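Residue strings, one per chain:
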Amino acid sequence: MKEKFLKILLNPKYIFGVYLIISVVTAISKYLRGDYAINNYLIFKNVFFNTIHQKNLFIHYPDLYFDLNHYGVFFSALIAPFAVMPDWLGISLWNAANTFILIYGIHKLPFSDSKKALFGLFCLQEYITAALSLQFNVALTGLLLLSAVYIYEKKEVKSVTAILIGVFVKIYGIVGLSQFFFIKNKIKFILSGLIIAVVFFALPMVYSSPKFVIQCYTDWFQSIVEKNNENQVLGNMQDISLMGFFRRILGDASISNLVFLAFGLPLFAAPYFRIKQYKQYAFQLMILASTLLFLVLFSSSSESPTYIIAIVGVLIWFFLQKERTPLVIGLLVFVIIFTCFSTSDLFPKYVKEHYIIKYSLKAVPCIVVWLRVTYELLTKDFEKNYSLE
């Protein structure tokens, strides 16, 4: 009985199946309860309808939904198949599609089946948090994984496509270029990227107009600037990041992002000077782990559902370790308890409201791991000390 249970537990097919079931169940439950997360989906579907009717994508439509859209006009093409369906079906398939991209990205990682299964298990709580919000973060995480894997597989067109989907939807996909130095055929990557970018830029014009699409990009830029300013508020549900942690501990929301980026960017970039390590796939994946963590920790837009991106980065770091020392295991446990479960019922409501949310404490374990990842990238021999088994 025990062996049968372990066989199921360590089989990624079963774990990934659970993910897909959860994606549909959470979507249906949100729909039936009329939960606030449904508002996210209403924003998404109306990106398509507003594009068709050539209405500003980045202003309030209180008769349709509350809050604002911050996704690019290209997103209208992605959400279109779901938007034309009845909401209960569109929501379910939307969540399932996002989930499939994530699990396919995990499936493509060069780990053993048992590691992939454990990867899915350790990531499950954070995945549920993201799936409950019906957001694009789940798919974006998968796209960033695929962009890196495809570079190693010398599939430049697929890699740049994954990156550009992320860029044209949510800007964040640009961090996929952190793998650029590992590309063998850079000319092919750049040329195919330019062609695909033109296609993505022009695609919404087919069902709207060139003038409207161009205006959308101007409006999108303005909306991102405004959102960033709004995020830097003490104690809100945004800015759950390294920057937010220090702003809230110091009680000063006016501290500029540039102050943090002034030390964060050089630390992030420093490992690229280790050119001799480039040929090691483990080094490339560790750069990916650093990228996923950096993206979340240095963004004022980071919120709880965004942490699916960071947690995948943590798990890549963990499963690359050849020796899982007490420190390595301790850091993973620290992350799982104080990041993954920090917004769950594991912590009393008072603690969540007055400490975890107030001081962006969800970010702290990931900050520690990112610093550890940076240290390893700067000092370790990736041929000897890391394993892809």
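Refer to the structure presented above.
Here is what the cut-offs are and how they apply
Residues numbered from 1 in each chain as written. Predicted model: local features only at pLDDT ≥ 70, side-chain atom pairs only at ≥ 80, totals over all residues. Heavy atoms only, no water. Helix = DSSP H or I, 4+ residues; strand = E, 2+ residues; numbered from the N terminus. Contact = heavy atoms within 4.5 Å. Buried < 20%, exposed > 50% of the residue type's maximum accessible area, 1.4 Å probe, protein only. Polar contact = N/O pair within 3.5 Å; in protein donor to acceptor, adjacent residues only side chain to side chain. Disulfide = S-S within 2.5 Å. Patch = residues over 30% accessible without salt bridge, like charges linked within 9 Å, V, L, I, M, F, W, Y side chains within 5 Å. Areas by Shrake-Rupley, 256 points an atom, 1.4 Å probe, with all protein chains shown as cover. Salt bridge = Lys/Arg side-chain N within 4 Å of Asp/Glu carboxyl O.

**Some remarks on the side chain of Thr291**
Locating Thr291 in the fold gives a position in helix α13 (residues 281-297). When residues no more than four places from it in sequence are discounted, the contact partners of Thr291 are Val175, Ser178 and Phe268.

**Comments concerning helix α11 (residues 242-250)**
Along α11, the residues that are buried comprise Leu242, Met243, Gly244, Phe245, Arg247 and Arg248. Buried residues in α11 make contact with α12 (257-269), α13 and α17 (364-379). Of the residues that open α11, the one with a side-chain oxygen 3.4 Å from the backbone nitrogen of Met243 is Ser241. Gly251 occupies a position one or two residues after α11 and carries a positive phi of about 70°.

**Topic: the state of the cysteines**
Applying the stated criterion across every chain, the model contains zero disulfides. Cysteine Cys123 shares no disulfide, and the gap to the nearest cysteine sulfur, in Cys340, comes to 7.2 Å. The exposure class assigned to Cys123 is buried, which follows from its relative accessible area of 0%. With no disulfide of its own, Cys366 lies 7.4 Å from the sulfur of Cys340, the closest cysteine sulfur.

**Notes on a nonpolar patch on the surface**
A cluster of nonpolar residues, Ile329, Val333, Ile337, Phe338 and Leu346, forms a patch on the protein surface that exposes about 420 Å² of accessible area. With respect to the helices and strands, the residue Ile329 is situated in helix α15 (residues 326-340).

**Topic: the environment of Asp113**
Inspection of the secondary structure assignment puts Asp113 in helix α6 (residues 113-132). Placed 100 residues apart in sequence, Asp113 and Lys13 show a C-alpha to C-alpha distance of 8.9 Å. With residues near it in sequence (within four places) discarded, Asp113 still touches Leu10 and Pro12.

By themselves, these are just geometric observations and shouldn't be taken as functional.
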